[in-house]
Amino acid sequence: MIAQVAQDYGLYTKITGAQRIDMFGARLEQLPDIWKRLVDAGFESGQAYGKSLRTVKSCVGSSWCRYGVQDSVAMAIDLELRYRGLRSPHKLKMAVSGCARECAEAQSKDVGVIATDKGWNLWVGGNGGMTPRHAQLLAQDLSDEMLIRCIDRFLMYYIRTADRLQRTARWIEELDGGLDHLREVVVEDSLGIGADLEAAMARHVEHYQDEWAATLNDPERLRRFRSFVNAPLTPDDGPAYVVERGQRRPATAAERAGVLAEGVEAYEAPAREPVLLAGPLLPVGSHLPVGSQTGRDGGTA
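Residues numbered from 1 in each chain as written. Predicted model: local features only at pLDDT ≥ 70, side-chain atom pairs only at ≥ 80, totals over all residues. Heavy atoms only, no water.

1. Some points on the overall build of the chain
Thought 1: The number of helices and strands found in the chain is 10 helices and 10 strands.
Thought 2: Within the chain, buried positions represent 39% of all 301 residues.
Thought 3: Residue pairs in contact within the chain that sit at least 24 positions apart in sequence constitute 56% of those at least 6 positions apart.
Thought 4: Roughly 17500 Å² of accessible area belongs to the chain as shown, and the carbon and sulfur atoms make up 53% of that amount. (Helix = DSSP H or I, 4+ residues; strand = E, 2+ residues; numbered from the N terminus. Buried < 20%, exposed > 50% of the residue type's maximum accessible area, 1.4 Å probe, protein only. Contact = heavy atoms within 4.5 Å. Areas by Shrake-Rupley, 256 points an atom, 1.4 Å probe, with all protein chains shown as cover.)

Quick look at the structure:
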């Protein structure tokens, strides 16, 4: 179904480092039709948007690797199903490695889980990006149940106390008492709020819904998916594209000027006339004549 949708709509596809399948190039008004086909086939959004859980990366663990000491794939699936859609101050990334060789790179994630022969080690506060941070060890040799409990408490404590757009690494750096205080709150329940944090996470799990499936059943939300408010049936012809390795991608500035790279097949975009957005003067208030400037679809600007 993914392949068929990509072919039908001419979407550029790739497998991401987060183990998702990306499809690029859909127009705004095409999204509901695309997602209806995907939802009907049993898919749900990969949450590659918003300040929420983005991914839970994993190695193959004990199922297929001779070094694996725990089933990292099963644990990663459990974590993703539990925390999917969780809104937070910033994006969240997780990973689960089946042994200390760390093939899933859990120590560079906001929540990293590494298997031991006694259970799981929990690492927190890592991230890549422009200012990489190495995660810090919060707890060791946890059982499956205790691991989930600690992650529940850690995430909800972060969500309730961090500033907006603050990653977990910077939050821990600025937290009074730092990692030691965090360990006391999460593992030892020094503030007596552990049960409350767990209950808040349980409510999230209970009320989770796939946002695209919900949108398809909401006419008011569907109204947002049109290129032009005053011409809902008119598609935006979009940017110019070139075809590379059998897939179309946006043309570079040089390619738009007609200088195509070697081995790249041209894709002709529809010709468009220049559109006057505003004149040299911008009248305001009651001095604006009705219909004085016309947009590309006949509406007044």
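Here the narrative resumes, following the displayed structure.
2. A closer look at the packing of aromatic side chains
Thought 1: Applying the stated criterion across every chain, the model contains five aromatic pairs.
Thought 2: Taking 5.0 Å as the distance between ring centres and 40° as the angle between the ring planes, the aromatic pair formed by Trp-212 and Phe-225 counts as tilted. Pair noted here: Trp-212 is in helix H8 (residues 211–216) and Phe-225 is in the loop between helix H9 (219–222) and strand E8 (241–244), with a separation of 13 residues, a long-range link. Each member of the pair, Trp-212 together with Phe-225, is buried. (Phe/Tyr/Trp six-rings, centres within 6.5 Å; stacked < 30°, edge-to-face > 60°.)

3. A closer look at the pattern of salt bridges
Thought 1: This structure, assessed with the given rule, holds 20 salt bridges.
Thought 2: The salt bridge partner of Arg-82 is Asp-152, with a shortest N-O separation of 2.7 Å. Residue Arg-82 is located in helix H3 (residues 72–83), and its partner Asp-152 is located in helix H4 (residues 144–161); the two are separated by 70 residues in the primary sequence.
Thought 3: Relative accessible area serves as the criterion here: at 24%, Arg-82 is assigned to the partly exposed category.
Thought 4: For Asp-152, a relative accessible area of 3% translates into the label buried. (Salt bridge = Lys/Arg side-chain N within 4 Å of Asp/Glu carboxyl O.)

4. A few points about the nonpolar core
Thought 1: Of all hydrophobic cores here, the largest spans 39 residues; its most connected members are Tyr-83, Leu-122, Leu-155 and Leu-182.
Thought 2: No other element matches H4, which puts nine residues into this core.
Thought 3: Excluding residues within four positions of it along the chain, Leu-182 makes contact with Val-124, Leu-138, Phe-154, Tyr-157, Trp-171, Ile-172, Leu-175 and Val-187.
Thought 4: Among the nonpolar cores identified, the runner-up in size contains nine residues, and Tyr-9, Leu-11, Trp-35 and Phe-225 belong to it. (Core = buried A, V, L, I, M, F, W, Y, C linked by side-chain atoms within 4.5 Å.)

5. Looking at helix H2 (residues 31–40)
Thought 1: Residues Pro-32, Ile-34, Trp-35 and Leu-38 constitute the buried set of H2. Take H2 and look down its axis: the buried residues cluster within an arc of 160°, on one side only.
Thought 2: For H2, the secondary structure elements touched by its buried residues are helix H1 (2–9), strand E2 (21–24), H8 and H9. (Arc of directions from axis to C-beta.)

6. Section: the packing of H4 against helix H7 (residues 194–207)
Thought 1: Interhelical geometry of H4 versus H7 gives an angle of 90° and a closest axis separation of 8 Å. The pairing of H4 with H7 is recorded here as roughly perpendicular in orientation. Residue-level inspection shows Arg-149, Asp-152, Arg-153, Leu-155, Met-156, Tyr-157 and Arg-160 of H4 in contact with H7, the latter providing Gly-194, Asp-196, Leu-197, Glu-198, Ala-200, Met-201 and Arg-203.
Thought 2: Looking at side-chain class alone, the contact of H4 with H7 contains six nonpolar, one polar and seven charged residues. (Axes fitted to C-alpha atoms, helices over the stretch in contact; angles between N-to-C directions. Parallel < 35°, antiparallel > 145°, perpendicular 65-115°, else oblique. Nonpolar A, V, L, I, M, F, W, Y, C, P; charged D, E, K, R; others polar.)

7. Notes on the pairing of E8
Thought 1: As paired elements, E8 and strand E9 (residues 247–250) share four bridges and run antiparallel to each other. Looking at the pairing, Glu-244 lines up with Gln-247 of E9.
Thought 2: Hairpin connection, E8 to E9: the antiparallel pair is bridged by two residues, and Arg-245 has positive phi, about 55°. (Pairing = 2+ DSSP bridges.)

8. Focus: H7
Thought 1: Its 14 residues place the ends of H7 20 Å apart at the C-alpha level, agreeing with the 20 Å of an ideal helix rising 1.5 Å per residue.
Thought 2: Those residues of H7 not exposed but buried are Gly-194, Leu-197, Ala-200, Met-201 and His-204. When H7 is viewed along its axis, its buried side chains cluster within an angular range of 135° and face the same direction. Among the exposed residues of H7, those pointing more than 90 degrees away from its buried face are Ala-195, Glu-206 and His-207. (Expected span 1.5 Å × (residues − 1).)

9. Looking at the environment of Arg-248
Thought 1: Take Arg-248: it is sitting in strand E9.
Thought 2: A relative accessible area of 18% places Arg-248 in the buried class.
Thought 3: Placed 223 residues apart in sequence, Arg-248 and Gly-25 show a C-alpha to C-alpha distance of 8.3 Å.
Thought 4: At 3.2 Å, the side chain of Arg-248 and the backbone oxygen of Gly-25 are in polar contact. (Polar contact = N/O pair within 3.5 Å; in protein donor to acceptor, adjacent residues only side chain to side chain.)

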